[in-house]
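Residue strings, one per chain:
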Amino acid sequence: MPAYHHHKLLGGEDGRRLANRDRGEKIAGARVEVAPYKKDPADFVLWKPSQDGQPGWDSPWGRGRPGWHLECSAMSKEYLGETFDIHCGGQDLIFPHHENEIAQSTCAHGGKEFVRLWMHNGHLMVEGEKMSKSLGNYYTVHDLLDEFPGEAIRLALLKTHYRQPLDFTKDGLLEAKRELDGFYAAFRKVKDVQVPSLKTVPEVQMPLEDDLNTPQALARLHKSLGALNKEDYKADIHKGYLLAGGELLGLLQQDPEHWFKWRPGGTETLDEKSIEALISERGEARAAKDFKRADEIRDGLEGQGILLEDGPEGSTWKRA
Ligand SMILES: [Zn+2]
């Protein structure tokens, strides 16, 4: 039985359960003096009175502006309707923001269910510190793509369950890239395989259906990789399994040759054509038993971070 009943319980009709706090706790926790216009200490502001000079609009309750919780209720009604399926957000927004969204939207829409499923993600840290605009310690995907392949960024994010805190680091990205190197290196050894239907990879699919348990789905892929590296006689079956399972996560769908030729943006390094030309020159030198020239070319390429691997079907290469 998938564990998302946990989240269904949190959302839905009884929104007060979202934060799992009771009234007494909330009121005892409120240290500030209760504003005189509140009927109940737990009331929150829907419409904020505006002083002269502050932005504001006329309304039946006087000149003012929407309280900040209203923003989300108004936007979601406009674009998603009175009831919608999935509402995400950081765990720090559960109380009071999301509770208040539920309260005001449910009341405005005659008691209709507001959100069917709430998904709250853990805190995101960057290199061990809380990410913030003022510290400037944030990365944009655009910048990261100069240093790492997009697939490594995706894997680094999927390795942590979304409800757990995530420390996003460049070391973590490097590790994710190495893991993918391992998958693609194994793929390289097995040519054309039949990719089974997604229905035949339940061990990858079921954890994803169970509150998006990406670490468990990835663990299953690693298990298959281990088997692929061990069991030559069933390598094509394992590779097919990995391709089908990887597709569910948006991973492992590249041509391995393409993966290994990726290079960081802005770096001065040999382009593919020159590399291929040198490799074929080396092949000719070897055929002519000119091993000195062949080794020269190999060493030269290695000096530029290009590693050659000789196999029965010729040489392949990758960037170190
Ligand atoms: Zn919101």
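One structure accompanies this document, and this report is about it. Source: prediction; values computed, not measured. Position numbers for residues start from 1 in each chain and track the written sequence from start to end. Reporting in this predicted model follows two pLDDT cut-offs: at least 70 for local features of residues, and 80 or more for side-chain atom pairs to be given and counted; totals over whole chains, interfaces and linings ignore these cut-offs and use all residues. Based on all heavy atoms of the structure, the side-chain values leave hydrogens and waters out of the count.

## Description of the pattern of salt bridges
- Between Lys or Arg on one side and Asp or Glu on the other, a salt bridge is scored when a side-chain nitrogen of the former is within 4 Å of a carboxyl oxygen of the latter. Tallied over the entire structure, the rule returns 18 salt bridges.
- A salt bridge links lysine 234 to glutamate 231; its shortest N-O distance comes to 3.8 Å.
- The class of lysine 234 is partly exposed, set by a relative accessible area of 30%.
- The cut-offs for exposure are 20% and 50% of the maximum accessible area for each residue type, with area from a 1.4 Å probe on protein chains only; residues under the lower value are buried, those over the upper are exposed, and the others partly exposed. Residue glutamate 231 is classed as partly exposed on the basis of its relative accessible area, which comes to 22%.
- Put simply, glutamate 281 and arginine 293 hold a salt bridge, and the shortest N to O gap is 2.8 Å. With glutamate 281 in helix 12 (residues 272–287) and arginine 293 in helix 13 (residues 291–303), this pair connects stretches of sequence that are 12 residues apart. Under the scheme used here, helices are H or I runs from DSSP no shorter than 4 residues and strands are E runs no shorter than 2 residues, and both carry numbers assigned from the N terminus.

## Observations concerning the sheet that holds strand 5 (residues 124–126)
- Here, a strand pair is defined by DSSP locating no fewer than two bridges between the strands. Strand order in the open sheet made by the three strands is 6-5-7, with mixed pairing throughout. In this open sheet, the two edge strands, each paired with only one partner strand, are strand 6 (129–130) and strand 7 (166–168).
- Strand direction decides the pairing type here: strand 5 and strand 7, joined by three bridges, are parallel. Of the residues in strand 7, the one forming a bridge with valine 126 is phenylalanine 168.

## Concerning the pairing of strand 4 (residues 115–121)
- The pairing of strand 3 (residues 84–90) with strand 4 spans six bridges and is parallel. Considered in strand 4, the bridge of histidine 87 is made with tryptophan 118.
- A crossover connection joins strand 3 to the parallel strand 4 through helix 4 (residues 94–108); in handedness this β-α-β unit is right-handed. Place the viewer so that the strands point away; then a crossover is right-handed whenever the path from the first strand over the helix to the second strand goes clockwise.

## What to know about the coordination of the zinc ion
- Sites may look incomplete because water is not among the atoms; the donors themselves are N, O and S atoms within 2.8 Å of the metal, or within 3.2 Å for Na, K and Ca. The protein atoms that coordinate the zinc ion are Cys72 (SG), His97 (NE2) and Glu101 (OE), at distances of 2.0 to 2.5 Å.
- Read in sequence order, the donor residues coordinating the zinc ion give the pattern C-x24-H-x3-E. Here histidine 97 lies in helix 4 and cysteine 72 lies in helix 3 (residues 68–80), a separation of 25 residues in the sequence.
- Histidine 97 sits in the buried class, given a relative accessible area of 3%.

Nothing here speaks to function; it is geometry throughout.
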